[in-house]
Amino acid sequence: MPSSSQRMVEILEAFQSQLSSLRTISLTATPPYDSTPAMWTRYMNMCGDIDEEITIPELVKEGSLCPHQDYVYFNYPTTAETKEIQNFEERSSQMLQSLMQDSQLLTVIETHKGLNGQISDDLLLDDPEYLEAILIYLHSKHTAFPARLQRLLGTKKLPAMGAKWMERLLQGFLYDDTDSYLCDKVYREMLIDQLKSQGLIEKKKVILTKSAAVEKLLTNSLGKANSIRDIVFSEYDSMGSSLRLLILTDYIRKEYEKAIGNPEATIASLGVLPFFEMLRRENEKQHKTIRLGVLCGSVVIIPAEAKEALLQQTDAKIKLTFSAIGSLSENDYLKVTATGDAHALTAAVTAIFAQGAMQVLIGTKSLLGEGWDSPCINSLILASFVGSFMLSNQMRGRAIRVWKEDPNKTSNIWHLVCLKPRKEVQQNPEDTISEDYTLLCRRMEQFLGLHYTEDTIENGIDRLSIIRPPFTKSNAASMNRKMLALSQKRNELKDRWMRSLAVYDKMEVVNTNEIPDKYVTSVLFWDALRALLLTSALLLIGLIFALGTGFASRSAVSGVIGFFMALYAGGVLIAAFPKLFMLGSLAAPPQSIRKWHFESIGDTKPFRRAALQSRIWYFWF
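Nothing here was measured: the structure is a model prediction, and the numbers come from that model.

K.L.:
Tell me about the overall build of the chain, and please be specific about residues and values.
P.N.:
Counting secondary structure elements, the chain contains 24 helices and 13 strands. Across the 621 residues of the chain, 45% fall into the buried class. For the chain, restricting intrachain contacts to residue pairs at least 6 apart in sequence, the fraction spanning at least 24 positions comes to 70%.

See the structure below:
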């Protein structure tokens, strides 16, 4: 069933289609830059081309947005989470050993149509990694296969069999390429059941190297609660009662309401109420006076001393009821319920938050992430797992608005990242550091902001220059300390923004894309060499034809034909010769590979395609 926003888009599209002379004026702070092609097409069809884009630095310069900075706080999985990861690795390893000893699997793989010429080379090269997985498996079982297929891949030596290659092989055999094998259906289903029982298949995807369940476990790591605690108390030590910190998360976790005020209850989830109780306990433990609040659609909690301030912000349209929350005394915190206009309660809590009745407000992104306005916020913790530019930008927008009550306002925006255990990253060098880190990099690609040490405005993860490998526990702790220390230099932050912006009379955003370096297989090199030899033969034939046949027979026509054949072949040979050596250099070590850069304003996808196409045509003269 479509969501309300999707339904609204459909209604607007239908309305627009009925009015051919309609002139549309569109204004948004969050265009869907990183959405699907289909969504972007719908967006452009409705709104038209982008005529003008005002960047965040421009808005900071003119005073519409406040100076701000992004910070990252890292954590490692908890002991229980690490144990779960280890259990997955053990199940994967045992399954790999079992499969390598399965003689029936070998018999089935030997029947693949590509091994006996029933599938063309072009089709095989549509998925070279899958073909390589088949050859690696057969090689590891000391089973012969056509040498032509290995030459087709352009590799002289096949790597050792491992979980990565078995995962790719099974994905083809069990789901993606079933028609290419002669296999008993019973055996295939038995193998699927065996993998599912070990949690190694998820939604028809074989998982031996990276489990979506493990990634979800890391994304929801309880270590992030400790990160939030460290950030909150560091920010309070820096800002005191002037702190207005917002924590945005995905879930309320109403089942934790009974745990509030119960010191024996265990906090084992991420969410609004778990964060509230964790911070409340730590506040008592450290003898701090941070006042906490909760603002969600179904749960509102305020400090008891804020009751009168809240009543003053409401009128007869809304009736408030106050009650105890969990096991806490009504002298500590109060749960607030409203009869009447629920929006009025949200506005009233927002108002007393700005007044200082609370220093920390915890809520869900669904209520506070977009459309909610509280310009007093000067610190934001993104404990949500949203990765898209549109939603991330909406959440960041909560913190970077100017506030007339504080003309010198600056904002800190905190991102939480759980790292994979260092051992796992070392064992799988092609794997990402973690899904959280990938999400962070995707976010940073879209946001222009201030470099940590240089007075420049940039996008990308590199501007957060504190972040440096290796991502060991000790280095992660060191980066966290540096982040906390830098976040307290708010006066310096504003000065550096002003210095960076002062040099720009008019800003222009230039996107620089780098095409990822890839090895050129030896197949291309040898094909190019063959083409060169054929061209040389053509040149030789042309010369013989011109000098021998044409002149010997004293035929002007034959001589002219031979001359032009030789001229053409010679020109192609001269043009191709240096490019052949360039191809050879591209098959060399990575440092000899040239990088391709294109600069453009706006959509960069056509430039990326042009780069690849030009490279291909350049190789083929």
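Picking up after the structure, the text goes on.
K.L.:
Just give me the short version of the pattern of salt bridges, but keep the residues and values in it.
P.N.:
Inspection of the entire model under this criterion finds 15 salt bridges. Note that Arg-148 and Asp-121 form a salt bridge whose closest N and O atoms lie 2.6 Å from each other. With Arg-148 in helix α8 (residues 147–153) and Asp-121 in helix α6 (residues 121–124), this residue pair connects regions lying 27 residues apart in the sequence. Residue Asp-121 is classed as partly exposed on the basis of its relative accessible area of 28%. One salt bridge in this structure joins Arg-490 and Glu-235, with 3.4 Å as the shortest N-O distance. Here the residue Arg-490 occupies a position in helix α21 (residues 490–502), and Glu-235 occupies one in helix α12 (residues 223–239), the gap between them amounting to 255 residues.

K.L.:
An account of helix α20 (residues 473–487) is requested, with residue identities and associated values reported.
P.N.:
With 15 residues, α20 extends 21 Å between its outermost C-alpha atoms, agreeing within 8% with the 21 Å of an ideal straight helix rising 1.5 Å per residue. As for α20, its buried residues are in contact with β1 (68–75), α12, β9 (411–418) and α21.

K.L.:
Break down the confidence of the model for the chain for me, citing the residues and quoting the values.
P.N.:
Any residue range with low pLDDT should be treated as having predicted coordinates unsuitable for detailed reading. With 75% of its residues at a pLDDT of 70 or more, the chain shows a mean pLDDT of 81. This model gives residues 425–430 a pLDDT under 50, and the stretch forms 5 contacts once residues within four places in sequence are excluded.

K.L.:
Residue-level account of the packing of aromatic side chains, with values.
P.N.:
Following the criterion strictly, the structure yields 8 aromatic pairs and no others. Within the aromatic cluster, the residues linked to one another by ring pairs are Tyr-71, Tyr-73, Trp-414 and Tyr-452. Sitting over the face of the ring of Trp-165, Lys-164 holds its NZ or CZ atom 4.7 Å from the ring centroid.

K.L.:
So, a negative patch on the surface: which residues are in play, and what are the values?
P.N.:
Together, Asp-49, Asp-51, Glu-52 and Glu-53 make up a negatively charged patch on the protein surface. Mapped onto the elements of the fold, Asp-49 is located in the loop between α2 (37–47) and α3 (56–62).

K.L.:
Which residues make up the sheet that holds β1, and what values go with them?
P.N.:
The 9 strands lie next to each other as β1-β9-β8-β2-β7-β3-β4-β6-β5, forming an open sheet whose pairing is mixed. With partners counted over all chains shown, the strands left at the sheet margins are β1 and β5 (318–323), one partner each. Going across the sheet, the axis of each strand differs from the next one's by a mean of 25 degrees, ignoring polarity. Looking at chain direction, β1 and β9 are connected through 8 bridges and run parallel. Across the sheet, Phe-74 pairs through a bridge with Val-417, a residue of β9.

K.L.:
Before we move on, can you summarise the packing of α12 against helix α13 (residues 272–285) with the specific residues and values?
P.N.:
The N-to-C vectors of α12 and α13 enclose an angle of 50 degrees; their axes lie 10 Å apart at closest approach. Of the possible angle classes, the one that applies to α12 and α13 is oblique. In the crossing of α12 with α13, the sense of the turn from one axis to the other is right-handed. Contact residues: α12 offers Ala-225, Ile-228, Arg-229, Val-232 and Phe-233, while α13 offers Phe-275, Met-278, Leu-279, Glu-282 and Asn-283. Broken down by class, the residue content of the contact of α12 with α13 amounts to 7 nonpolar, 1 polar and 2 charged.

K.L.:
Go over the side chain of Arg-496, please, and point to the residues and values.
P.N.:
Within the element layout of this structure, Arg-496 appears in helix α21. A residue is classified by how much of its surface remains accessible, and Arg-496, at 7% relative accessible area, is buried. Dropping the residues within four chain positions of it, Arg-496 is found in contact with Leu-450, His-451, Tyr-452, Thr-453, Glu-454 and Asp-455.

K.L.:
So what's going on with the environment of Lys-420? Residues and values would help.
P.N.:
Mapped onto the elements, Lys-420 comes out in the loop between β9 and α18 (422–427). For the pair formed by Lys-420 and Tyr-437, sequence separation is 17 residues and the distance between their alpha carbons is 9.6 Å.

K.L.:
How would you sum up the nonpolar core? Please name residues and give values.
P.N.:
As a rule of thumb, nonpolar side chains are buried together in soluble globular proteins. By size, the foremost hydrophobic cluster in this structure holds 60 residues, and its most contacted members are Phe-74, Val-232, Ile-247, Val-360, Tyr-437 and Ile-467. If we skip the residues at most four places from it in the chain, Ile-247 touches Ile-228, Val-232, Phe-275, Leu-279, Val-360, Leu-361, Ile-362, Gly-363, Ile-381 and Ala-383. Core analysis: the next-biggest nonpolar cluster, separate from the first, contains 46 residues, Ile-85, Leu-124, Met-161 and Met-166 among them.

K.L.:
So, empty space enclosed by the protein: which residues are in play, and what are the values?
P.N.:
To locate leftover empty space, one rolls a probe as large as a water molecule over the atoms. The tally for this structure, following the rule as stated, stands at 3 cavities of 30 Å³ or more. When its volume is computed, the largest cavity comes out at roughly 100 Å³. Lining the largest cavity we find 12 residues, and of these Leu-382, Ser-384, Leu-416, Leu-439 and Arg-443 sit closest to its centre. Looking at the lining of the largest cavity, the elements with two or more residues in it are β8 (379–383), β9 and α19 (435–446). Per-element tally for the lining of the largest cavity: the top contributor is α19, with 4 residues. Here the lining of the largest cavity is composed, by residue class, of 7 nonpolar, 2 polar and 3 charged. Estimates place the volume of the second largest cavity at around 70 Å³. Lining the second largest cavity are Gln-69, Tyr-71, Tyr-452, Leu-486, Lys-489, Glu-492, Leu-493 and Arg-496. Elements with a contribution of two residues or more to the lining of the second largest cavity: β1 and α21. Tallying contributions element by element places α21 first for the lining of the second largest cavity, with 3 residues. Partitioning the lining of the second largest cavity into residue classes produces 4 nonpolar, 1 polar and 3 charged.

Cut-off values and rules
- Residues numbered from 1 in each chain as written.
- Predicted model: local features only at pLDDT ≥ 70, side-chain atom pairs only at ≥ 80, totals over all residues.
- Heavy atoms only, no water.
- Helix = DSSP H or I, 4+ residues; strand = E, 2+ residues; numbered from the N terminus.
- Buried < 20%, exposed > 50% of the residue type's maximum accessible area, 1.4 Å probe, protein only.
- Contact = heavy atoms within 4.5 Å.
- Salt bridge = Lys/Arg side-chain N within 4 Å of Asp/Glu carboxyl O.
- Expected span 1.5 Å × (residues − 1).
- pLDDT = per-residue confidence, 0-100.
- Phe/Tyr/Trp six-rings, centres within 6.5 Å; stacked < 30°, edge-to-face > 60°.
- Lys NZ or Arg CZ within 6 Å of the ring centre and 35° of its normal.
- Patch = residues over 30% accessible without salt bridge, like charges linked within 9 Å, V, L, I, M, F, W, Y side chains within 5 Å.
- Areas by Shrake-Rupley, 256 points an atom, 1.4 Å probe, with all protein chains shown as cover.
- Lys, Arg positive; Asp, Glu negative; His and termini not counted.
- Charge placed at Lys NZ, Arg CZ, Asp CG, Glu CD.
- Pairing = 2+ DSSP bridges.
- Axes fitted to C-alpha atoms, helices over the stretch in contact; angles between N-to-C directions.
- Parallel < 35°, antiparallel > 145°, perpendicular 65-115°, else oblique.
- Left-handed = near helix turned anticlockwise from the far one by under 90°.
- Nonpolar A, V, L, I, M, F, W, Y, C, P; charged D, E, K, R; others polar.
- Core = buried A, V, L, I, M, F, W, Y, C linked by side-chain atoms within 4.5 Å.
- 1 Å grid on protein atoms, 1.4 Å probe; cavity = no way out; pocket = protein on both sides within 12 Å on 5 of 7 lines; lining within 4 Å.
- Points joined across faces, edges and corners; volume = space filled by probe spheres on them.

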